[in-house]
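Given next are the chains, with one letter for each unit.
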Amino acid sequence: MAKRKFKAESKRVLDIMINSIYTHKEIFLRELISNASDAIDKIYYKALTDDSLEFDKSNYYIRVKVDKDSRKLIISDTGIGMTKEELVENLGVIAQSGSFNFKNLNKVKDGYDIIGQFGVGFYSSFMVADKVEVHTRALGEEGYMWVSEGADGYTIKNFDKENVGTDIILTIKENTEDDNYDKYLNTNELQQIVKKYSDFIRYPIKMKVNKTRLKEGTEDEYENYAEVETVNSMVPIWKKNKLNLKDEDYENFYSEKHFGFDKPLSHLHVSVDGVIRYNAVLFIPENIPFDYYSKEYEKGLELYSNGVLIMNRCPDLLPDYFSFVKGVVDSEDLTLNLSREVLQKDRQLQFIAKNLRIKIKKELETMMKHDREKYEKFYSSFGRQLKFGIYDEFGRDKDFLKDLLMFYSSKKEKMVSLDEYVESMPEDQNYIYYAAGESKEMLKKLPQTESITDKGYEVLYFTEDVDEFAIKMLGEFKEKEFKSVSSSDIEIDESDDIDDNEADDEIKREIFEYMTKSLSGKISKVKASKRLKNHPVCLSNEGDVSIEMEKVLKNMPNNQNIKADKILEININHKVFESLKNAYTNDKDKLDLYTNLLYNQALLIEGLPLEDPVEFSNNISKIMD
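Here's what I pulled together on the structure shown here. Since the structure is predicted, the reported quantities are computational estimates derived from the model, not experimental observations. (Residues numbered from 1 in each chain as written. Predicted model: local features only at pLDDT ≥ 70, side-chain atom pairs only at ≥ 80, totals over all residues. Heavy atoms only, no water.)

### Here we look at the packing of helix H16 (residues 575-586) against helix H17 (residues 588-606)
Here is step 1: Contact pair H16 / H17: the axes reach a minimum separation of 6 Å and the direction vectors enclose 145°. Every residue of H17 that contacts H16 at Val-576, Ser-579, Leu-580, Ala-583, Tyr-584 and Asn-586 is listed here: Lys-588, Lys-590, Leu-591, Tyr-594 and Leu-598.
Here is step 2: Counted by class, the contact of H16 with H17 contains seven nonpolar, two polar and two charged residues. (Axes fitted to C-alpha atoms, helices over the stretch in contact; angles between N-to-C directions. Helix = DSSP H or I, 4+ residues; strand = E, 2+ residues; numbered from the N terminus. Contact = heavy atoms within 4.5 Å. Nonpolar A, V, L, I, M, F, W, Y, C, P; charged D, E, K, R; others polar.)

Shown next as C-alpha cells:
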C-alpha cells in the first residue's frame, strides 16, 4: 500500500513538535488520554441528539496496557472512533483539530466540554515511539488501521476491528545514553503519570495494577498478582458540592496532593460561573515549609484545564505575599499554547488571579476576626511574608495588606492589629508609637519607651528585620503617623521645656558641645533628653534610617555601610549628669572617659557592637580605680 505524505510541511512541523514544544516526554500520555476522553464525549453528545443510541456511562472507559516483550504501549478507548476521512483529516494534517472543530460546531451540553484544541497532542507520541499504529472503528462504519513511523508519512488500510472505539499502539523506543524509555513500559511509572496529569479525567482509566496477597493455604507466604483497576479519581473535589463535603475531605485532599505534612489551618472552595468560569480549592497551611525562604521554593497553584493538569506550579496565580497558599485551579476558559504546558499571559488568568487574591485576603480577615488563635498561628508562620508584601514593589499593595498586619502590644501584652491599636488610642495621642529591636524582652527595658508608657500610651514592638521597612513604606494608618520611640523629634510632654538651646544654665550647652567633639565621627550631637526618666543615657536618630535599620542593612550581602544619624541623649535629671558637670569643671580627661563610657553604654542598650571592647573594658577599670 502506497505511503501517504503528511501535509502542512510535515517534516519540519513534526520535528518542532517532538524536539521543541514539549519539555517533558511523559506528556504524551496526558495528550493521548485527553484525546480518548474527547472521543467518549463525542459519542455522549451523539447519544443526546440521536434517540436510537443509548449512553450508559459504565460502558465507556479508557484502558492502558503494556506488552513488554514487544515493547508496545496501548491506549484504548470506547469512544466514537474515526472514519477513513477523519483519519486523513485529523491525523494526516498536523495541527488540524477534530476536537476543536467539533467544539465550535456543536454546543456541548451538561458540562461536557472537549479538552483537545490544537490536534497536535497525538504527535507527541513520536517523542517516545518509533512506530505509531491507530486501530479505529467509527460508529456505524468499518474499521481502519493508520500506521506511521514519523515524518516520512503514513499508511491507511482496512482493519477488522470488532468494537467501536480506538486503540493507539506505540512501539516504544530503545533506551539511549540520555533517555530511559523502558519506564513507559513499567505499569507503576505509567500509573504515576496518569495520577499526575489525568487523575480527574471524567471517565475510568483502567490499568493492571501489581498487588500482593497471601498465598492460598499458607499463613505467611505471599505472592504477586495483577488486577485491572480504575487508577484515576475522575471527579475532583472542586467539582463536588461544597455543602456535601466535610473538613476531613479537604484535609485528605491536602494530604493526597502532598501540599504539606501539616493540616491546613483553613480552606477556600471557590466556584465562579460568569464570563470566565473556574473552580478552585485553596489551602492556608499551618506550618512554614522548610525551604520557604530558599531559592528552591516554588510558589504557585496547580493549574488544570477541564480536569487535565496543565502546570504543576502556576506562579502567575499568586502574588509573592500569598506564596504560602497551596491548592488547585481548574478552568475551561483558559487560552493555552500548542503544548498546553505554558500558559499564555491573558486576561482570563489575570482575572482569576485578581479574584483569588481578594478571596484569600477575605478569608484571612475572617480568621483574624473570628478565630484569633488560629490567625496568630498563621501569622507566626507567614506574617513576615505579608510585611514583605507591604514593602515590595515600592508599596504597590500596601493598602491592600495593611489590615492583616499584627504586632505585639506593650500595653495589652499580646498581638494586636493596627486597627485595634488606633481604636484604643487616647484622644490626646497623636502618633502610633513603635520600638524596633531583637526581642520583646529587650524592648520592654528600652529607656526610650519610659515617657511614652508613663503617659499610658501603647507601644508596638517590632522584632523582625522587615518590620520597620514595611512601616516606613506604609507611612500612616487611618491618618495616624507612625513614630519610633527612638526618633529625635519625639515630643511626649511639651511642658517639659528642657531643650538645651533654651536652658538657663549655659554650662549644659558647653558640656554637650564638648562631648560632641569628643565623639566626633560617631554621633551628630549630644543633647538633653526629653524622654528619659530613670535611665541616664540613650541613642536616638534623625532622618529616614533608624538605628535598627542600620543593623539590618549592615548584615545584608551588598552592605553599603549605610549608617543612622545618631544622637546621644543625656538625662539631665539623673545623678550621672552631676558627675559630668564636675568633670567638665575640674577634669576634662575624666569627662572624656565618662563620655566614652556613656556612648558605649548606649550602644549596648541598642544591641550595637562596641567599636573597641578592650578600650571599654579598660575604661571600666579606670572608673573602679
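What follows continues from the structure just given.
### Topic: the side chain of Lys-387
Here is step 1: One can find Lys-387 in helix H8 (residues 372-391).
Here is step 2: Not counting chain neighbours up to four residues away, the residues in contact with Lys-387 comprise Tyr-379, Leu-405, Phe-407, Glu-464, Val-466, Asp-467 and Ala-470.

### Side note on the packing of aromatic side chains
Here is step 1: Inspection of every chain in the model, using the stated rule, returns 33 aromatic pairs.
Here is step 2: A centroid spacing of 5.3 Å and a plane angle of 90° characterise the contact between Phe-28 and Tyr-184, whose relative ring orientation is edge-to-face. Here Phe-28, found in helix H2 (residues 27-49), pairs with Tyr-184, found in the loop between strand E6 (165-172) and helix H5 (187-197); they are 156 residues apart in sequence, far enough to count as distant. Per residue, the accessibility class of Phe-28 equals that of Tyr-184, and both read buried.
Here is step 3: Here Phe-259 and Phe-283 contribute two aromatic rings whose centre-to-centre distance is 6.0 Å and whose plane-to-plane angle is 45°, an arrangement assigned as tilted. On the criterion of sequence distance, the pair formed by Phe-259 in the loop between helix H6 (247-256) and strand E9 (266-273) and Phe-283 in strand E10 (residues 277-284) is long-range, its members being 24 residues apart.
Here is step 4: Take Phe-283: its relative accessible area is 0%, and that puts it in the buried class.
Here is step 5: An aromatic cluster of three or more residues is present, and its members are Tyr-292, Tyr-293, Tyr-297, Tyr-321, Phe-322, Phe-324, Tyr-375, Phe-378, Tyr-379, Phe-382 and Phe-400.
Here is step 6: One Lys or Arg, Lys-206, reaches over the ring of Tyr-61 and ends 4.4 Å from the middle of that ring.
Here is step 7: Of note, Lys-588 hangs over the ring of Tyr-584, and the distance from its end group to the ring centre comes to 4.4 Å. (Phe/Tyr/Trp six-rings, centres within 6.5 Å; stacked < 30°, edge-to-face > 60°. Buried < 20%, exposed > 50% of the residue type's maximum accessible area, 1.4 Å probe, protein only. Lys NZ or Arg CZ within 6 Å of the ring centre and 35° of its normal.)

### Focus on the sheet that holds strand E16 (residues 431-436)
Here is step 1: The mixed open sheet is built from six strands, whose spatial order is E15-E14-E17-E16-E19-E18. One side of each edge strand has no neighbouring strand; the edge strands of this open sheet are strand E15 (415-417) and strand E18 (476-477).
Here is step 2: Summarising the sheet, strand E14 (residues 406-409) and E15 pair through three bridges and their orientation is antiparallel. Across the sheet, residue Phe-407 finds its bridge partner in E15, namely Val-416. (Pairing = 2+ DSSP bridges.)

### A closer look at the nonpolar core
Here is step 1: Grouped together as the largest cluster of nonpolar side chains are 70 residues, with contacts concentrated most on Phe-322, Phe-324, Leu-364, Tyr-375, Phe-378 and Leu-386.
Here is step 2: Looking at this core element by element, the count peaks at eight residues for helix H7 (residues 347-370).
Here is step 3: If we skip the residues at most four places from it in the chain, Leu-386 touches Tyr-321, Phe-322, Phe-324, Tyr-375, Phe-378, Tyr-379, Leu-401, Leu-404 and Leu-405.
Here is step 4: Within the second largest apolar cluster, 61 residues are counted, among which are Leu-29, Ala-36, Ile-237 and Tyr-250. (Core = buried A, V, L, I, M, F, W, Y, C linked by side-chain atoms within 4.5 Å.)

### Comments concerning the environment of Val-132
Here is step 1: Looking at where Val-132 falls in the secondary structure, it is placed in strand E3 (residues 129-137).
Here is step 2: Residue classification places Val-132 among the buried residues on the basis of a relative accessible area of 0%.
Here is step 3: Along the chain, Val-132 and Val-147 lie 15 residues apart, while their C-alpha atoms are 5.8 Å from each other.
Here is step 4: When neighbours within four sequence positions are excluded, Val-132 is seen to be in contact with Phe-122, Ser-125, Phe-126, Trp-146, Val-147, Ser-148, Ile-168, Ile-169 and Leu-170.

### Section: a negative patch on the surface
Here is step 1: The grouping of Glu-85, Glu-86, Glu-89, Glu-141 and Glu-142 at the surface amounts to a negative patch.
Here is step 2: Summarising the element assignment, Glu-141 is placed in the loop between E3 and strand E4 (143-148). (Patch = residues over 30% accessible without salt bridge, like charges linked within 9 Å, V, L, I, M, F, W, Y side chains within 5 Å. Areas by Shrake-Rupley, 256 points an atom, 1.4 Å probe, with all protein chains shown as cover. Salt bridge = Lys/Arg side-chain N within 4 Å of Asp/Glu carboxyl O. Lys, Arg positive; Asp, Glu negative; His and termini not counted. Charge placed at Lys NZ, Arg CZ, Asp CG, Glu CD.)

### Some points on the sheet that holds strand E22 (residues 565-570)
Here is step 1: Strand order in the open sheet formed by three strands is E20-E22-E21, with mixed pairing between adjacent strands. Two strands lie at the open edges of the sheet, namely strand E20 (525-528) and strand E21 (537-542), each paired on one side alone. Recorded for the sheet is a direction-independent mean angle of 35° between the axes of neighbouring strands.
Here is step 2: Strand direction decides the pairing type here: E20 and E22, joined by four bridges, are parallel.

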